[in-house]
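Commentary on secondary and tertiary structure
Each chain, written out:
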Amino acid sequence: MRAVVYEKFGEPENVLTIEERPIPEPGPGEVRLALMLSPVHHHDLAIVRGLYGYKPALPAIPGTEALARVDALGPGVSHLAVGDRVAVYKDQFVWAEYFLAPAQTAIALPDAVPDEIAAQVCILPATVHVLLEDLGLHRGQWLAINAANGAVGRLVNFLARQRGLRVLNLVRSSASVAALNELGFSPALDTESEGWLDRVEALTHGAPITRAIDQIGGRAIGDELALLTKGGELISMGNLAGEPMQLNTGTLIFKEALLKGYWARRRLESLSTAEFVRLLSDSIELTTRGEVPIGIEATYPLESAAEAAVATEARGRNGKIALRV
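Attention in this report is confined to the structure presented alongside it. (Residues numbered from 1 in each chain as written. Predicted model: local features only at pLDDT ≥ 70, side-chain atom pairs only at ≥ 80, totals over all residues. Heavy atoms only, no water.)

Some thoughts on the sheet that holds strand S12 (residues 228-236)
What counts here: When DSSP finds two or more bridges between two strands, those strands count as paired. A run of H or I in DSSP becomes a helix once it reaches four residues, and a run of E becomes a strand once it reaches two; helices and strands are each numbered from the N terminus. Note on geometry: axes are C-alpha line fits, over the in-contact stretch for helices, and angles between N-to-C directions span 0 to 180 degrees. For this analysis, residues touch if any pair of their heavy atoms sits within 4.5 Å.
What the 6 strands build is an open sheet, ordered S10-S9-S8-S11-S12-S13; its pairing is parallel. Both outer strands of the open sheet, strand S10 (188-190) and strand S13 (258-261), are each paired with one neighbouring strand and no more. With strand direction ignored, the average angle separating the axes of adjacent strands in the sheet is 20°. Of the strand pairs in this sheet, strand S8 (residues 142-146) and strand S11 (residues 209-214) are connected by 4 bridges, and their pairing is parallel. Within S11, the residue paired with leucine 143 across the bridge is arginine 211. Those strands touched by helix H4 (residues 124-135) are S8, S11 and S12, and its axis lies near 145° from that of S11. Against the sheet, helix H8 (residues 218-227) engages S8, strand S9 (166-171), S11, S12 and S13, with an angle of about 150° to S12.

Regarding the nonpolar core
Applicable threshold: Only buried residues count toward a nonpolar core, which is a set of Ala, Val, Leu, Ile, Met, Phe, Trp, Tyr and Cys residues joined through side-chain atoms within 4.5 Å. Classification of residues uses two cut-offs on accessible area relative to the type maximum, computed with a 1.4 Å probe and protein chains only: under 20% is buried, over 50% is exposed, and between them is partly exposed.
In terms of nonpolar packing, the biggest core is built from 48 residues, with Leu132, Leu135, Leu143 and Val156 touching the most fellow members. Listing elements by their share of this core, those giving two or more residues are helix H3 (115-118), H4, S8, helix H5 (151-162), S9, helix H6 (174-183) and helix H11 (273-288). Ignoring anything within four residues of it in the chain, the contact list for leucine 135 reads Leu143, Arg211, Ile213 and Ile235. Judged by nonpolar contacts, the second largest core, of 38 residues, contains Val4, Tyr54, Val88 and Ala305.

Written out as structure tokens, the structure is:
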């Protein structure tokens, strides 16, 4: 079978290669899955760079979430059948024609869920559900989020509105502002435009912004700190800029702001099986109704994983990049 492999940590476009490997055989309680689609997440690329919270043994096959077909059952597996379409979330090893997974982690999906959404149903919706719960906001309160036109930002808008929360969206182009407005996710501001900070008070009618979610790092997290009300919380959950945080120490101190790191993987691992199943069931129900505003912008074959990595980090996307077989 073909598999994407990296033998050393580094920039994905430089270290990702394609190899022929033996097709794995499922053991007790396992299933062998045939890959259909796998979204390229930013944390997938951080793992390849060796910059994530853990480092896999090398050489390694990347990829952590996929839509797949059950290809073979290991001993003791009875709740799935060969040919079932399933979603799966794993530590690694997904970017291959075939891969193994514990049978209990493979979630059979109804046909009504489109492939491009089914491939993303495990990680992002559950992450945003628990993130919004952890923010501790009440109906009518404001939060801000940057990189708001990405999958996380769109889901934050969608689920926050269900809770009666208000969202200030920060993006880095006028095209992204237009894309969010078209979805009904406003207000949105282009942080590359002149004087954008001066327009915030008018858009929020002077209401305090009590939480801010940063996915970019660098200068952008300092901009979000400037938006926060006194005693607000600034949540860091990404570093798209690939740069150290640039924060004004005086602003942090005199606003008595709280800066928190948010590792979504660990937070999901803290959930009980029953809690995770509940979140996943809720996500599947929403996707069945066609309400979840996430999709895939472009797909690449396994052989083009390096190109897919570059596309994932390009600005201005309106959907995920994914790998296909």
